[in-house]
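Secondary and tertiary structure notes
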Amino acid sequence: MKYVLKNQEMQDTDYETIHQIGIPGLVLMERASKAVADCAMRHVRENGRILVIAGIGNNGGDALAAARILLEEDNRTDYMVVGNLEKASEDLKLQMQILQNLGYEPAEDPDFKNYDLLVEGIFGVGLSREVGGVYRDVIERINQSERPVIAVDIPSGISGNTGKVMGCAVKAVETVTFGGYKRGHLLYPGREYCGKVTLEKIGFHDQTIEKYASGFTLEEPEGLMPPRLSYSNKGTYGKILMITGNETMSGAAAFAGEAALRMGAGLVKILSDASNRPILQSRLPEILFGERGDLEKSLDWCDCILFGPGLGAGDETKEMLEYVLKHGTKPLILDADGLNTISRYQMEIDYPYGVIMTPHLMEGARLLSKEIDEVKADICQAAEEIASRYHAIAVLKDAATIVAKNRDKLYINQSGNHGMASGGSGDVLAGMITGLAGTGCDLYDAAVRGVYLHGLAGDAAMREKGPYSMIASDILHHIKDVTGGKNESILPGECSH
Ligand SMILES: NC(=O)C1=CN([C@@H]2O[C@H](COP(=O)(O)OP(=O)(O)OC[C@H]3O[C@@H](n4cnc5c(N)ncnc54)[C@H](OP(=O)(O)O)[C@@H]3O)[C@@H](O)[C@H]2O)[C@@H](O)CC1
Ligand SMILES: [K+]
């Protein structure tokens, strides 16, 4: 798990580290610049020429100190500063003075194409508005030079808060960042401008970062699945009720049902249109099948409910949803037509047993009565608004899916790929989350882990089938690769095969 910060949260972490813990800013800067210089040296061959381009804030200070370290290591390095030096930060002025004391003057109007590598520290977490004027000119020259660029902390022009391009932005091959990821590293389009993101420790302590970070991300699949016990039976791992699939969409029910079973669920019962009985029971004989009339007794039977995939958003769905919201007493996962029904009939939700809502951007926009562009402008905020308005855990699905719940840290997902943008993928996700929730996993953990593992299964599918040819069934097929436990013993000492 890694923390993710907004600009202000990083600045608060800086402030506390320097002024309360007592690590001088210049010590942090020296470690940051050493990490940047090391990264630059990995990118240039011997005798390669490096140009360091600094702004006038501390991001520029990191860059100039990196130039000094590169020169100390005998690299052919020039530097330049963009902006009015009279307004520069004290640390930037100091770093520049040190370079001059060592006899290194800034390069005058250098041709960027004469260098093998550019290192840019124009703006970091202090970027506060759209980029224009001389800064815009330099950023455009950097991109037009077609030279590899290393960005200090975050590519200049990318908002650390939203990943938005603030007028223009540097396209980097690698970004070296410090302490924790910034949201702009993980959210699109920023993520595409960063290249590889390397996270370095430079003296911020984990407790300080944890105190200020409002977000986190997962990078390791280990330890995410609920434990399985030697002494257990199918009742131990959850009885899941799925209200899914109308007469034209049996596939949605099949995908969600199989995904929950592949996540380790004990029993899955699908309530669907009667015409789906032969299709579902031949495709997935492991499931129990029920018709809509079984709703009342099925609600008593289950440990967890999935409502929505492939249902259609008509009056019958509305009536069933009203019934579930009134009589259900178990955690509820609302997906697809469950969500469309809520928007269409302007239903309010205040369900005390826990709700996860899994909208894609268009469904999210409808839930908030907003335009999709407003949602895209800050998807973290949109996810938080859905969570707060519907008293739910919101899983807002996009290339970087967000999971939000009031007062908890927000999750930003990094797994997955564009090959997953195809029919059925969302049903698989809904089934995976429900499978985890039904097994007794905390609901927020079920949402986060389901999203992350779904992305990893999609990555495994892409490696096998490629982004064009992979389909939702391939994601299902690869769930086995991400749940682990293949070598786990059934009884002590029984794992040799
Ligand atoms: N604290 C520390 O010691 C450590 C800091 N660290 C490093 O410092 C970085 C943060 O430094 P920072 O806070 O000085 O902000 P930074 O990103 O350099 O930019 C500020 C300058 O940009 C200007 N400006 C902003 N937007 C603009 C625009 N659109 N167009 C034009 N100008 C604009 C802004 O002007 P102003 O808004 O004040 O008018 C100000 O002059 C951080 O990312 C990390 O690299 C690490 O070394 C760890 C230790
Ligand atoms: K930068």
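Rules used in this analysis
Residues numbered from 1 in each chain as written. Chains lettered and ligands numbered in written order. Predicted model: local features only at pLDDT ≥ 70, side-chain atom pairs only at ≥ 80, totals over all residues. Heavy atoms only, no water. UniProt positions renumbered as here; feature names shortened; annotations may be inferred. Helix = DSSP H or I, 4+ residues; strand = E, 2+ residues; numbered from the N terminus. Expected span 1.5 Å × (residues − 1). Buried < 20%, exposed > 50% of the residue type's maximum accessible area, 1.4 Å probe, protein only. Salt bridge = Lys/Arg side-chain N within 4 Å of Asp/Glu carboxyl O. Domains from an automatic or database assignment. Buried area = accessible area lost by both parts, 1.4 Å probe. Near = heavy atom within 4 Å. Areas by Shrake-Rupley, 256 points an atom, 1.4 Å probe, with all protein chains shown as cover. 1 Å grid on protein atoms, 1.4 Å probe; cavity = no way out; pocket = protein on both sides within 12 Å on 5 of 7 lines; lining within 4 Å. Sits in = over half its atoms within 2 Å of the grid points. Points joined across faces, edges and corners; volume = space filled by probe spheres on them. Nonpolar A, V, L, I, M, F, W, Y, C, P; charged D, E, K, R; others polar. Donors = N, O, S within 2.8 Å, 3.2 Å for Na, K, Ca; no water. Tetrahedral: all angles 85-135°; square planar, octahedral: opposite > 155°, others 65-115°. Axes fitted to C-alpha atoms, helices over the stretch in contact; angles between N-to-C directions. Parallel < 35°, antiparallel > 145°, perpendicular 65-115°, else oblique. Contact = heavy atoms within 4.5 Å. Pairing = 2+ DSSP bridges.

The name given to the chain in an unreviewed UniProt entry is Bifunctional NAD(P)H-hydrate repair enzyme, and the organism recorded there is Anaerostipes butyraticus. Turning to the chain, the UniProt annotation filed under Subunit (unreviewed entry) states: "Homotetramer."

Taking 1.5 Å per residue, 14 residues should reach 20 Å; helix α17 (residues 425-438) reaches 20 Å between its end C-alpha atoms and fits that length. Among the 14 residues in α17, 13 count as buried, and that is most of the element. At the C-terminal side of α17, G440 shows a positive phi close to 100°.

We now examine the pattern of salt bridges. Scanning all chains against the criterion turns up 24 salt bridges. E258 is the partner of R262 in a salt bridge, and the nearest nitrogen-oxygen pair spans 3.0 Å. With R262 and E258 both in helix α9 (residues 250-262) and four residues apart, this pair spans about one turn of that helix. One salt-bridge network, held together by shared partners, links E258, R262 and R283.

Attention shifts here to the domain arrangement of the chain. Here the chain is partitioned into domain 1 (2-217) and domain 2 (234-483). Put simply, the middle of domain 1 and the middle of domain 2, counted by C-alpha atoms, are 41 Å apart. In total, domain 1 and domain 2 occlude about 1300 Å² of area from one another, counting both sides; carbon and sulfur atoms represent 59% of this. When contributions to the side of domain 1 that touches domain 2 are tallied by element, the ones reaching two or more residues are β1 (2-5), α6 (183-186) and β9 (215-217). Broken down by element, the side of domain 1 that touches domain 2 gets its largest block of residues, three residues, from β9.

Before going further, it helps to spend a moment on the site of ligand 1. Contacts to ligand 1 come from 25 residues, most closely from D14, D62, G124, R129 and D153. In isolation ligand 1 offers 940 Å² of accessible surface; the protein chains occlude 79% of this area. Spatially, ligand 1 is embedded in the largest pocket. Of all the elements in the fold, those that place two or more residues in the shell around ligand 1 are α1 (7-21), α2 (25-43) and α3 (58-72).

According to UniProt, the positions carrying the feature "domain: YjeF N-terminal" (unreviewed entry) are residues 10-210. Regarding residues 10-210, the helix share stands at 42% and the strand share at 16%, and the terminal C-alpha atoms are separated by 11 Å.

Estimates place the volume of the largest pocket at around 920 Å³. Lining the largest pocket are 34 residues, with G57, N58, N59, V125 and G126 sitting closest to its centre. Going through the elements one at a time, α1, α2 and α3 are the ones with two or more residues in the lining of the largest pocket. If one sorts the elements of the lining of the largest pocket by residue count, α1 sits on top with six residues. Split by residue class, the lining of the largest pocket holds 16 nonpolar, eleven polar and seven charged.

All right, on to unusual backbone geometry then. Between Y188 and the following residue, P189, the backbone shows a cis peptide bond with an omega angle of 5°. Position of P189 among the secondary structure elements: in the loop between α6 and α7 (190-194). One non-glycine residue, E146, lies in the positive phi region at around 60°. Its place among the elements puts E146 in the loop between α5 (133-145) and β5 (149-152). Owing to a relative accessible area of 66%, E146 belongs among the exposed residues under this scheme. Of note in this structure, D153 is not a glycine but carries a positive phi near 75°.

For a metal bound by four donors in a tetrahedral arrangement, the ideal donor-metal-donor angle is 109.5 degrees, while six donors in an octahedral arrangement ideally sit at 90 or 180 degrees. The potassium ion (ligand 2) binds to the protein through N59 (OD1), E120 (OE), F123 (O), V152 (O), I154 (O) and S156 (OG), with metal-donor distances spanning 2.6 to 3.1 Å. Because the angles between the six donor atoms bound to the potassium ion (ligand 2) fall within 64 to 175°, the donor set is best described as irregular. When the donors of the potassium ion (ligand 2) are listed by position in the chain, the intervening gaps give N-x60-E-x2-F-x28-V-x1-I-x1-S. Taken together, the residues F123 in the loop between β4 (117-121) and α5 and V152 in strand β5 connect sequence positions 29 residues apart. Judged by relative accessible area, F123 falls into the buried class, the value being 17%.

Next up on the list: the packing of helix α12 (residues 315-327) against helix α13 (residues 337-344). Packing of α12 against α13 leaves a shortest axis separation of 10 Å and a crossing angle of 95°. As judged from the angle between their axes, α12 and α13 are roughly perpendicular. Contact with α12, carried on its side by T317, K318 and L321, involves D337, G338, T341 and I342 of α13 and no other residues of that element. Classifying every residue of the contact of α12 with α13 gives two nonpolar, three polar and two charged.

What follows covers the sheet that holds β9. The strand order β7-β1-β9-β18-β17-β16-β15-β14-β13-β10-β11-β12 describes an open sheet built from twelve strands, whose pairing is mixed. Pairing within the sheet leaves two strands with one partner each, and these edge strands are β7 (181-182) and β12 (288-290). Two elements, strand β14 (residues 332-334) and strand β15 (residues 355-357), share three bridges in a ladder whose sense is parallel. Within β15, the residue paired with L334 across the bridge is M357. On the sheet, α12 packs against β10 (239-243), β13 (304-307) and β14 and is oriented at approximately 160° with respect to β13. Relative to β14, α13 is tilted by about 75°, and along the sheet it contacts β13, β14 and β15.

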